[in-house]
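Read off the chains here:
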Amino acid sequence: MIPSAAIARVANREVEHFRAANPRALAHHAASKGWFQSVPFHWMRDWPSPVPIVAASAKDATLTSIDGLRYDDFCLGDTAGLFGHSPPALAAALANQASEGLSYMLPTERGAALSQRLAAMFGLPQWQVTTTASEANRAVIRWCRGISGRPRILTFNGAYHGAVDDAFVDLKAGTPAMRRSLVGQVHDLRDTTTVIEFNDEASLATALRGGDIACVLTEPVMTNVGMVRDAPGFLATLRRLCDETGTLLVFDETHTISSGYGGHAVVHGPVPDLIVVGKSIGGGVPCAVYGFSIAVAERMAALNASRPTGHSGIGTTLSANALAVTAMDAMLSDVITPAAYNHMLGGAARLVAGLEQEIAAASLDWHVTQVGARVEFLTCPIPPRDGNEAKAAMHPELEAAIHLFLANRGILLAPFHNMMLVSPVTSNDQIDRLVGAFADCVRALKE
């Protein structure tokens, strides 16, 4: 246990360090009053530094700030840059597409190849393109409700599936409650969303056998409440119960694409009925996809044929624009490859070993969790089994102090929790610097 006084001492010192080293960032935010809270989007204030670092450029796994500071980037845009910043094949494809038009509201020749690449990589035959994973999840929920005729979806406590209202329901002392962070919500989401704990097979069976659940929307491993691994056999049980009850199974693999080539379902199983992938699929260009089985596609086609023409509530004008299709095709053809994953998984294993060694040397009751190229250290002794345990294990003040300490030494982690990503262009030297800075931070906290 790290005493609160030690956390405060380190945090206060690191705040002053940051202020001294980032004068241009401080001036930038002082001059950005036209932005709400001085940033172009409000969650950019979630970093633990006095003001966010202001990016000047990023290449491969390195980010440079307007203060001229270079960072080994293990945040990678919270997965948007999982395969490195501006891969050459992507940059060249985007430059070429920019000279030919960006959005036509029409399919492009490159799209045929992309659909085949998606099917080959993820193992589902039918696909659609959206602008974000949030939009993809909303679309999938609509399709699942539409083709099943069932009103409810099921999610897990602590899950996050983007800006999707339906998923903003948690359990408080075992009772469903709307998440208080959701701004401006006026409808009671509990009327159409069932929430249970991850890995709770008994509650899952009870909920699905009620016959009113259109789909289960889940990550195969929870990654947005820290990381919560699936218990042995849980995903197989989930697949079986969905089959038994006619419930559609949706895997949101926006983060768990880190598991290996094809994502978690391809590497570990089981096969879902629908899958959502966003962020990294376009190398940071705003785009996402959702894929589905032939059986689901036939039901979707029948629903389309039965409804009046007009707005479906699915998709926007910019969905499947030419720039997004080009970006994804370039990424899947030249960047997101089995060879890239071999490097990522090897680097992640090196990172895990280094962090575990330093945690043991410091006699800390912490542990490290890995989902392929995604690594996280948790400041608790036992890996959480569900969202409730994961939330209870969080230590925001300690995590913020660690993040700021590392940032001040040129190491960038995701701001939301202790998540680190290893890309195909992350070097062993970068990994070793992270481990060394982590060790220095632990020593500082234990002084």
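Bear in mind the structure is a predicted one, so any value in this text is a computation, not a measurement. (Residues numbered from 1 in each chain as written. Predicted model: local features only at pLDDT ≥ 70, side-chain atom pairs only at ≥ 80, totals over all residues. Heavy atoms only, no water.)

**Describing the nonpolar core**
- Ranked by internal contacts, the top residues of the largest apolar core, which has 36 residues, are Phe-83, Leu-118, Phe-122, Ile-281 and Leu-332.
- Looking at this core, the elements with two or more residues in it are helix H3 (88–98), helix H4 (110–122), strand E4 (126–130), strand E11 (274–278), helix H10 (322–335), helix H11 (338–361) and strand E16 (419–421).
- The element that contributes the greatest number of residues to this core is H10, accounting for eight residues.
- When neighbours within four sequence positions are excluded, Leu-332 is seen to be in contact with Leu-114, Arg-117, Leu-118, Met-121 and Ile-281.
- Counting residues in each nonpolar core, the second largest holds 34 residues, with Val-10, Leu-351, Val-375 and Ala-444 among its members. (Core = buried A, V, L, I, M, F, W, Y, C linked by side-chain atoms within 4.5 Å. Buried < 20%, exposed > 50% of the residue type's maximum accessible area, 1.4 Å probe, protein only. Helix = DSSP H or I, 4+ residues; strand = E, 2+ residues; numbered from the N terminus. Contact = heavy atoms within 4.5 Å.)

**What about the packing of aromatic side chains?**
- For the structure shown, the criterion picks out twelve aromatic pairs.
- On the numbers, 5.9 Å between centres and 35° between planes, the contact of Tyr-290 with Phe-292 is tilted.
- Among the residues examined, Tyr-290 registers a relative accessible area of 2% and is labelled buried.
- Each residue in the set Phe-83, Tyr-261 and Tyr-341 is aromatic and connected to the rest through ring pairs, giving one cluster.
- Above the plane of the ring of Phe-168 lies Arg-179, whose end atom (NZ or CZ) is 5.1 Å from the centre. (Phe/Tyr/Trp six-rings, centres within 6.5 Å; stacked < 30°, edge-to-face > 60°. Lys NZ or Arg CZ within 6 Å of the ring centre and 35° of its normal.)

**Quick look at the environment of Thr-192**
- With respect to the helices, strands and loops of the structure, Thr-192 is situated in the loop between strand E7 (175–178) and strand E8 (193–196).
- Distance in space between the C-alpha atoms of Thr-192 and Arg-150 is 9.5 Å, their sequence separation being 42 residues.
- Contact partners of Thr-192, with chain neighbours within four places excluded, come to Arg-145, Pro-151, Arg-152, Ile-153 and Asp-166.

**A word on the environment of Asn-418**
- Tracing the chain through its elements places Asn-418 in the loop between strand E15 (411–412) and E16.
- Taking C-alpha positions, Asn-418 is 5.9 Å from Phe-377, a pair spaced 41 residues apart along the chain.
- In this structure Asn-418 touches Val-375, Glu-376, Phe-377, Glu-399 and His-403, once residues within four positions along its chain are discounted.
- A polar side-chain atom of Asn-418 sits 2.9 Å from the main-chain carbonyl oxygen of Phe-377. (Polar contact = N/O pair within 3.5 Å; in protein donor to acceptor, adjacent residues only side chain to side chain.)

**Concerning the packing of helix H13 (residues 396–407) against helix H14 (residues 428–445)**
- At a minimum axis separation of 10 Å, H13 and H14 run at an interaxial angle of 130°. When the axis of H13 is compared with that of H14, the two are oblique. In this structure, H13 crosses over H14, and the sense of that crossing is right-handed. From H13, Leu-398, Ile-402, Phe-405 and Leu-406 reach across to H14, where they touch Leu-434, Ala-437, Phe-438, Asp-440, Cys-441, Ala-444 and Leu-445.
- Its residues placed into classes, the contact of H13 with H14 shows ten nonpolar, no polar and one charged. (Axes fitted to C-alpha atoms, helices over the stretch in contact; angles between N-to-C directions. Parallel < 35°, antiparallel > 145°, perpendicular 65-115°, else oblique. Left-handed = near helix turned anticlockwise from the far one by under 90°. Nonpolar A, V, L, I, M, F, W, Y, C, P; charged D, E, K, R; others polar.)

**So, the sheet that holds strand E5 (residues 152–156)**
- Here seven strands make up an open sheet; going across it, the order is E4-E12-E11-E10-E9-E5-E8 and the pairing mixed. Each end of this open sheet is capped by a strand with a single partner; those strands are E4 and E8. On average, each strand axis in the sheet is tilted by 20° relative to the strand beside it, whichever way the strands run.
- Alignment of E4 against strand E12 (residues 288–292), held across five bridges, turns out to be antiparallel. From the neighbouring strand, Val-129 faces E12, where its bridge partner is Val-289. (Pairing = 2+ DSSP bridges.)

**What about the pattern of salt bridges?**
- Per the counting criterion, the structure on display carries 19 salt bridges.
- With a closest N to O distance of 2.7 Å, Asp-329 and Arg-117 form a salt bridge. Here Asp-329, found in helix H10, pairs with Arg-117, found in helix H4; they are 212 residues apart in sequence, far enough to count as distant.
- We classify Arg-117 as partly exposed; its relative accessible area is 32%.
- Notably, a salt bridge pairs Asp-188 with Arg-190, separated by 2.9 Å at the nearest N-O pair. (Salt bridge = Lys/Arg side-chain N within 4 Å of Asp/Glu carboxyl O.)

**Comments concerning the sheet that holds strand E13 (residues 367–371)**
- The antiparallel open sheet is built from three strands, whose spatial order is E13-E14-E16. Of all the strands in the sheet, just E13 and E16 have a single pairing partner and so form its edges. In this sheet, neighbouring strand axes are inclined to one another by 25° on average, regardless of whether the strands run parallel or antiparallel.
- Bridge count between strand E14 (residues 374–378) and E16: three bridges; the pairing is antiparallel. Counterpart to Glu-376 in the pairing with E16 is Met-419.
- Sitting on the sheet, H11 touches E13, E14 and E16, and the angle it makes with E13 is about 170°.

What is shown is where atoms sit, not what they do.
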